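The residues making up each chain are set out below.
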Amino acid sequence: MLRATEIKPDVYWVGGIDWTERNFHGYTTDRGSTYNAYLILDEHVTLIDTCKPQFADELLERISDVIDPARIDYVVSNHVEQDHSGAIPAIMAAAPNAKIVTSNPHGLKGLQAHYGTEYEYIPVKTGDTLCIGTRTLTFTSTVMVHWPDNMVTYDAHDKILFSNDAFGQHFASSKRFDDEVGLPEVLAQAKKYYANIVMPYSRHVTRALGVLGGLEFDMIAPSHGVIWRSHVAEILETYGKWSSLQPDEYAIVVYDSMWHTTEVMAQQILEAFIEAGIPARLFDLKVDHISDIMTEVLSARYIAVGSPTLNNGMMPTVASFLWYLKGLSPKGRIGIPFGSYGWGQNGPQEVAELLEKCGFTQDFGMLTHQWTEDEDSLEELHQAVLDGIKRVNEQ
């Protein structure tokens, strides 16, 4: 028998745990995920969100641990995406008299497109409330964090913010709370989640944080991962930093190589940053997944990307990384294109073009080498990076 977890008096976590999830829209989830749903027992029994369709039985079993699902009066759908709403048909079959609360207009349109118009919907906007007995729920639109329909639900009685995708982590655990797992682990998972899902919408996050700052809560219950109860202040402060997109004095060097020349160049660039006193990290696209690298992009001021020329262009692995990077749009970085070539510089040139499309400045120019490396050329490369760091810091 699957059990619900009481997170505050008469408020229960009833979600699903996806232990085997390893890829979420191209983002590696090596620790799995959870699809969190929350049940509130009041005069009107209310369910906050559901889960993926394949976890509907798990959701219903946990609800049944607390109450007959048929007694659910309201289903609050904070987000249309199916890892949040996918079990709505199963819930509505079990609770045919329930009404679905969703954002107006995008949530309403999205749910009706997915599940039809036969259910009774209550569309809400920022500031609207729903009295469920002792508690009154308040709804706030968080447009583009990270879809147009997103909203959060605030329970003032219990001081809980049901935060939807904000503050979440793709992280499966038998524990439900941040202090049961440990802050370093939760922050690491939250950072990867932010970098790969939320980062393109950082200005919307900043706006949402401003609105939510007026609410009093001591618990954040997100749609994925563990619940924040002991480190609420820390995650709010950290989200403020991440949403500013202000990088640290930190460099990452990302590359693929054919005959090791671009690899040796990457190592030399790394050593130059270290010599300059700037923390740096090396990523080989043959072994490092782009979503793991993107977690470091969130913090990095300098992003060096290298490719040799293959078939008159850059390596496919490098192209994949750069297109993914462009979509996540971390502005305010310094791009450093580099690479080796034989008879044509097309590989490094294409890297430079895509770094420009990412909105990065290229203060170091394009760093290239023809054919195989030698001591003199590597020393020139090393010095070129040191000179570039100096120029940047003198601006």
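The structure under discussion appears in the preceding block.
Residues numbered from 1 in each chain as written. Predicted model: local features only at pLDDT ≥ 70, side-chain atom pairs only at ≥ 80, totals over all residues. Heavy atoms only, no water.

(A) Highlighting the packing of aromatic side chains. Throughout the structure, instances matching the rule amount to 10 aromatic pairs. Ring centres of Tyr119 and Tyr121 lie 6.4 Å apart, and the angle between their planes is 65°; on these two criteria the pair is classed as edge-to-face. What makes Tyr119 buried here is its relative accessible area of 18%. Both rings, one in Tyr239 and one in Trp242, keep their centres 5.7 Å apart while their planes meet at 55°; by these two values the pair is tilted. A residue pair is termed a helical-turn pair when its members lie 3 or 4 positions apart in one helix, as Tyr239 and Trp242 do in helix H8 (residues 232-244) at 3 residues. For Trp242, a relative accessible area of 9% puts it in the buried group. Grouping aromatic residues by their ring pairs yields a cluster made of Phe167, Tyr194, Tyr239 and Trp242. In this structure, Arg229 is placed above the aromatic ring of Phe177, and the distance from its NZ or CZ to the ring centre is 3.7 Å. (Phe/Tyr/Trp six-rings, centres within 6.5 Å; stacked < 30°, edge-to-face > 60°. Buried < 20%, exposed > 50% of the residue type's maximum accessible area, 1.4 Å probe, protein only. Helix = DSSP H or I, 4+ residues; strand = E, 2+ residues; numbered from the N terminus. Lys NZ or Arg CZ within 6 Å of the ring centre and 35° of its normal.)

(B) Summary view of empty space enclosed by the protein. In the structure shown here, the tally under the stated rule is 1 cavity of 30 Å³ or more. As a volume, the largest cavity reaches approximately 70 Å³. Lining the largest cavity are Thr142, Val145, Val152, Ala166, Phe167, Val205, Ala208, Leu209, Leu212 and Tyr239. Looking at which element gives the most residues to the lining of the largest cavity, the answer is helix H7 (residues 202-212), with 4 residues. Taken together, the residues that form the lining of the largest cavity break down as 9 nonpolar, 1 polar and no charged. (1 Å grid on protein atoms, 1.4 Å probe; cavity = no way out; pocket = protein on both sides within 12 Å on 5 of 7 lines; lining within 4 Å. Points joined across faces, edges and corners; volume = space filled by probe spheres on them. Nonpolar A, V, L, I, M, F, W, Y, C, P; charged D, E, K, R; others polar.)

(C) Region of interest: helix H1 (residues 56-64). Where H1 is concerned, the buried positions are Ala56, Glu58, Leu59, Leu60, Arg62 and Ile63. Contact partners of the buried residues in H1: strand E2 (11-13), strand E3 (16-18), strand E7 (38-40), strand E8 (45-48), strand E9 (72-77) and helix H3 (88-94). (Contact = heavy atoms within 4.5 Å.)

(D) A look at the sheet that holds strand E14 (residues 151-155). Spatially, the 5 strands line up as an open sheet ordered E12-E13-E14-E15-E16, and their pairing is mixed. Edge positions in the sheet fall to strand E12 (129-131) and strand E16 (219-222), since each of these pairs with one other strand and no more. Going across the sheet, the axis of each strand differs from the next one's by a mean of 20°, ignoring polarity. Judged from the 5 bridges that link them, strand E13 (residues 136-141) and E14 form a sheet pairing that is antiparallel. In the strand pairing of E14, Thr140 is matched with Val152. (Pairing = 2+ DSSP bridges. Axes fitted to C-alpha atoms, helices over the stretch in contact; angles between N-to-C directions.)

(E) Inspection of the pattern of salt bridges at higher detail. Taken as a whole, this structure holds 19 salt bridges when the rule is applied. Across the pair Arg3 and Asp65 runs a salt bridge, and its minimum N-O distance is 2.8 Å. Linking Arg3 in the segment before strand E1 (5-8) with Asp65 in the loop between H1 and E9, this pair joins segments that are 62 residues apart in sequence. Here Arg3 falls in the exposed class, since its relative accessible area comes to 52%. Using a relative accessible area of 26% as the deciding quantity, one classes Asp65 as partly exposed. A single network of salt bridges, built from pairs that share partners, joins Asp42, Arg135, Asp155 and Asp158. (Salt bridge = Lys/Arg side-chain N within 4 Å of Asp/Glu carboxyl O.)

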